[in-house]
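In case you want the letters, here they are:
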Amino acid sequence: QVQLVESGGGLVQAGGSLRLSCAISGSFHVIDTMAWYRQTPGMQRDLVARIFRNGDIDYADSVNGRFTISRDNAKNTVYLQMNSLQFEDTAAYYCAADVLQTDWDSGTVYFGRGTQVTVSS
């Protein structure tokens, strides 16, 4: 069983910063890609940023230059530093991890339960 627990959400004024954390626990061989998604009510869940096992990173255009994703493989944790927050960043943020049980496994993606980020204008 693999569990992802997010923390760090909250209420912040526009222009402010927040740092989200997501700790992954359970039984697995290795974590491949780690990512952050966000979702607003009635909308689909969108990719915000992802970091591959080799360190490569992708960002959504809307957050590029403002958000920074990082990972600590020793702690099985992924972070999202969010700066210059805008009202449009208000959403539930979910972390995701592509977990492998063996080196030959195709991987299984797990999601956390989410943490709310609210940006006041």
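Residues numbered from 1 in each chain as written. Predicted model: local features only at pLDDT ≥ 70, side-chain atom pairs only at ≥ 80, totals over all residues. Heavy atoms only, no water.

S.K.: Could you clarify how one ought to interpret the overall build of the protein chain in this entry?
M.R.: Helix and strand counts for the protein chain stand at 0 helices and 11 strands. When its helices and strands are written in sequence order, the protein chain yields β-β-β-β-β-β-β-β-β-β-β. Overall, the C-alpha framework of the protein chain stretches about 45 × 25 × 25 Å when taken along its three principal axes. When burial is assessed residue by residue, the protein chain has 40% of its 121 residues classed as buried. Summarising the internal contacts of the protein chain: among those between residues at least 6 apart in sequence, 55% fall at separations of at least 24. Accessible area for the protein chain stands at about 6700 Å²; split by element, carbon and sulfur atoms hold 46% of it. Of note, the protein chain has its 9 positive side-chain charges centred 6 Å away from the centre of its 12 negative side-chain charges. (Helix = DSSP H or I, 4+ residues; strand = E, 2+ residues; numbered from the N terminus. Buried < 20%, exposed > 50% of the residue type's maximum accessible area, 1.4 Å probe, protein only. Contact = heavy atoms within 4.5 Å. Areas by Shrake-Rupley, 256 points an atom, 1.4 Å probe, with all protein chains shown as cover. Lys, Arg positive; Asp, Glu negative; His and termini not counted. Charge placed at Lys NZ, Arg CZ, Asp CG, Glu CD.)

S.K.: Where do I start with the sheet that holds strand β3 (residues 18–26) in this structure?
M.R.: Whether parallel or antiparallel, the strands of a sheet pair through hydrogen bonds between backbone atoms. Spatial ordering of the open sheet is given by β1-β3-β8-β7, a layout of 4 strands whose pairing is antiparallel. Edge positions in the sheet fall to β1 (2–7) and β7 (67–72), since each has one partner strand and no second. The sheet shows a mean angle of 15° between the axes of neighbouring strands, taken without regard to direction. For β1 and β3, the ladder comprises 6 bridges, and the chain directions are antiparallel. Residue glutamate 6 lies in a different strand from β3, and its bridge partner there is cysteine 22. (Pairing = 2+ DSSP bridges. Axes fitted to C-alpha atoms, helices over the stretch in contact; angles between N-to-C directions.)

S.K.: I keep staring at the pattern of salt bridges and nothing clicks. Help me out?
M.R.: Two side chains with opposite charge may pair up if their charged atoms get near one another. All chains considered together, the criterion is met by 4 salt bridges. A salt bridge links arginine 66 to aspartate 89, with the nearest nitrogen and oxygen atoms 2.8 Å apart. One end of the pair, arginine 66, is in the loop between β6 (57–59) and β7; the other, aspartate 89, is in the loop between β8 (77–82) and β9 (91–100), with 23 residues separating them in the sequence. (Salt bridge = Lys/Arg side-chain N within 4 Å of Asp/Glu carboxyl O.)

S.K.: I would appreciate a short explanation of the packing of aromatic side chains in the present structure.
M.R.: For any pair of aromatic rings, the description consists of the separation of the ring centres together with the inter-plane angle of the planes. Across all of its chains, the model carries 1 aromatic pair by this definition. When the ring centre of tyrosine 79 is taken as reference, the NZ or CZ atom of arginine 19 above it lies at 4.1 Å. (Phe/Tyr/Trp six-rings, centres within 6.5 Å; stacked < 30°, edge-to-face > 60°. Lys NZ or Arg CZ within 6 Å of the ring centre and 35° of its normal.)

S.K.: I tried to follow the state of the cysteines on my own but got confused; where do I start?
M.R.: Put plainly, a disulfide is one covalent bond tying together the sulfur atoms of two cysteines. Inspection of the entire model under this criterion finds 1 disulfide. Residue pairing for cysteine 22: its cysteine sulfur links by disulfide to cysteine 95, the two sulfurs lying 1.9 Å apart. With a gap of 73 residues between them, cysteine 22 in strand β3 and cysteine 95 in strand β9 connect regions that are remote in the sequence. One exposure class covers both cysteine 22 and cysteine 95, and it is buried. (Disulfide = S-S within 2.5 Å.)

S.K.: Got a minute to help me understand unusual backbone geometry in this structure?
M.R.: Both trends apply: most residues other than glycine have a negative phi, and most peptide bonds are in trans. With phi around 50°, asparagine 76 is a residue other than glycine that occupies positive phi space. You can see asparagine 76 is positioned in the loop between β7 and β8. One non-glycine residue, serine 84, lies in positive phi territory at about 50°. Note on placement: serine 84 falls in the loop between β8 and β9. With a relative accessible area of 41%, serine 84 lands in the partly exposed category.

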